[in-house]
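Here are the chains, one letter per residue:
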Amino acid sequence: MRLRNITGSRDVIAASPYVVQEAVQEDCPGTWHEIFGNNHPIYIEIGMGKGKFIHTCAKEHPEINYVGIEKYSSVLLRAIQKMEEEELPNLKFLRMDAEDIASVFGKGEVDKIYLNFSDPWPKDRHAKRRLPSREFLARYDVILKEGARLEFKTDNRDLFDFAVEELEPAGWKAEVITYDLHSDETLMVGNIMTEYEEKFSSMGNPICKYIIYR
Ligand code: SAM
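Residues numbered from 1 in each chain as written. Predicted model: local features only at pLDDT ≥ 70, side-chain atom pairs only at ≥ 80, totals over all residues. Heavy atoms only, no water.

## Description of the sheet that holds strand β4 (residues 110-116)
Phase 1: The mixed open sheet is built from 7 strands, whose spatial order is β3-β2-β1-β4-β5-β7-β6. Single-partner strands in this sheet number two, and they are β3 (91-95) and β6 (173-178). Strand-to-strand twist across the sheet, computed as the mean angle between neighbouring axes with direction ignored, equals 15°.
Phase 2: Where β6 and strand β7 (residues 208-213) come together, 5 bridges link them in antiparallel fashion. For Lys173, the partnering residue across the bridge sits in β7 and is Tyr213.
Phase 3: Relative to the sheet, helix α5 (residues 73-85) contacts β2 (65-70) and β3, its axis offset from that of β3 by approximately 165°. (Pairing = 2+ DSSP bridges. Helix = DSSP H or I, 4+ residues; strand = E, 2+ residues; numbered from the N terminus. Axes fitted to C-alpha atoms, helices over the stretch in contact; angles between N-to-C directions. Contact = heavy atoms within 4.5 Å.)

This is the structure in structure tokens:
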């Protein structure tokens, strides 16, 4: 998702109490429980877009701390605006490229990772930029607690097939794989729709999902 550049979005982000600022990020590994002021588990969404999913998660689960990560200021701005309308103490944002994720969270500090409707990067030469690629799985391996889960949803079948093929070489295993999430009553219990999920499922696209661990 890329929105038109919004003048002043960087200034809003720099002043926002909901955003962990870039200058502070290098001191973050190992300090997330201090940042939230409690010992609750830490769940992160990488590529959160405008933050609909993670904001809903945080509202429904006050016993969990959430961190939403987004590369683009103009997109993050929308998530900040949502927080201004409805402030939640258990949700923080990071504006960063997830390539550097292992320098922001400590080893095993994260209890769950969500990837929702990640950019497909369809050209083979860009495969390393795909968020479920083996290169990214290696970064998640560092920050995700032993035995913890990563959940990925998309309507893009090519990206999903690629993601499933990446699991074995990267040393991950699938607990759940579905090619039609919305037809699976059990998996739909507690499912929180993302902005893209609402859009693409309403167009009739089946939603693929996996839950993986290592
Ligand atoms: N997760 C949301 C949803 O399901 O509605 C948004 C999906 S949108 C297609 C993907 C988002 O991921 C975009 O906002 C994009 O800027 C962000 N993104 C892509 N690559 C990223 C990266 N390397 N680091 C951080 N954010 C990234």
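Having seen the structure, we can now continue with the description.
## Observations concerning the nonpolar core
Phase 1: Core analysis: the largest hydrophobic core is formed by 37 residues, its most contacted members being Trp32, Ile44, Ile46, Phe105, Ile113, Tyr140 and Leu150.
Phase 2: If you list the elements that add at least two residues to this core, you get α3 (32-36), β1 (42-46), β2, β4, α6 (134-143), β5 (144-154), α7 (157-170) and β7.
Phase 3: Counting residues per element, this core draws most heavily on α7, at 5 residues.
Phase 4: Those residues in contact with Ile44 that sit more than four places away from it in its chain are Val67, Ile69, Ile101, Phe105, Val110, Lys112, Ile113, Tyr114 and Ile143.
Phase 5: Ranked by size, the runner-up nonpolar core spans 20 residues in total, among them Tyr18, Leu76, Ile80 and Phe93. (Core = buried A, V, L, I, M, F, W, Y, C linked by side-chain atoms within 4.5 Å. Buried < 20%, exposed > 50% of the residue type's maximum accessible area, 1.4 Å probe, protein only.)

## Thoughts on the site of the ligand
Phase 1: Around the ligand, the structure places 19 residues, and the nearest of them are Gly47, Glu70, Ala98, Thr194 and Tyr196.
Phase 2: Glu70 places a side-chain nitrogen or oxygen 2.6 Å from an oxygen atom of the ligand.
Phase 3: Note that an oxygen atom of the ligand is positioned 3.0 Å from one of the backbone N or O atoms of Tyr196.
Phase 4: For the ligand, the protein covers 97% of the area, taking 600 Å² as the surface of the free molecule.
Phase 5: The cavity that encloses the ligand is the largest pocket.
Phase 6: Within the shell around the ligand, the residues separate by chemical class into 9 nonpolar, 4 polar and 6 charged. (Near = heavy atom within 4 Å. Polar contact = N/O pair within 3.5 Å; in protein donor to acceptor, adjacent residues only side chain to side chain. Areas by Shrake-Rupley, 256 points an atom, 1.4 Å probe, with all protein chains shown as cover. 1 Å grid on protein atoms, 1.4 Å probe; cavity = no way out; pocket = protein on both sides within 12 Å on 5 of 7 lines; lining within 4 Å. Sits in = over half its atoms within 2 Å of the grid points. Nonpolar A, V, L, I, M, F, W, Y, C, P; charged D, E, K, R; others polar.)

## Comments concerning the pattern of salt bridges
Phase 1: Counted according to the given criterion, the structure contains 12 salt bridges.
Phase 2: Close ionic contact of Lys50 with Glu195 constitutes a salt bridge, the shortest N to O distance being 3.2 Å. Placement of the pair is Lys50 in the loop between β1 and α4 (52-60) and Glu195 in helix α9 (residues 195-202), with a sequence separation of 145 residues.
Phase 3: Taking the relative accessible area as the measure of exposure, Glu195 reaches 29% and is therefore partly exposed.
Phase 4: Counted as one network, the salt bridges with shared partners bring together Lys112, Glu151 and Lys209. (Salt bridge = Lys/Arg side-chain N within 4 Å of Asp/Glu carboxyl O.)

## Focus: the pairing of β2
Looking down a regular strand, the side chains alternate between one sheet face and the other.
Phase 1: Of all 6 residues in β2, 6 are buried, a share of seventy percent or more.
Phase 2: Bridging between β1 and β2 involves 5 bridges; their strand directions are parallel. Bridge assignment links Ile44 to a residue of β2, and that residue is Val67.
Phase 3: Crossover β1 to β2 through α4 is right-handed.
Phase 4: Chirality of the crossover, the property in question, places the unit of β2, α5 and β3 among those that are right-handed. (Right-handed = clockwise from strand over helix to strand, strands pointing away.)

## Here's the deal with the layout of surface pockets
Phase 1: The calculated volume of the largest pocket comes to roughly 480 Å³.
Phase 2: Around the largest pocket, the lining is made up of 28 residues, and of these Ile46, Gly47, Glu70, Asp119 and Leu131 lie nearest the centre.
Phase 3: For the lining of the largest pocket, the secondary structure elements donating two or more residues are β1, α4 and α9.
Phase 4: Here the lining of the largest pocket is built from residues that sort into 12 nonpolar, 6 polar and 10 charged.
Phase 5: In this model, the second largest pocket occupies a volume close to 220 Å³.
Phase 6: Taken together, 18 residues form the lining of the second largest pocket, with Phe53, Tyr114, Glu151, Gly190 and Ile192 sitting closest to its centre.
Phase 7: Taken together, the elements giving at least two residues each to the lining of the second largest pocket come down to α4, β4 and β5.
Phase 8: Within the lining of the second largest pocket, the residues separate by chemical class into 10 nonpolar, 4 polar and 4 charged. (Points joined across faces, edges and corners; volume = space filled by probe spheres on them.)

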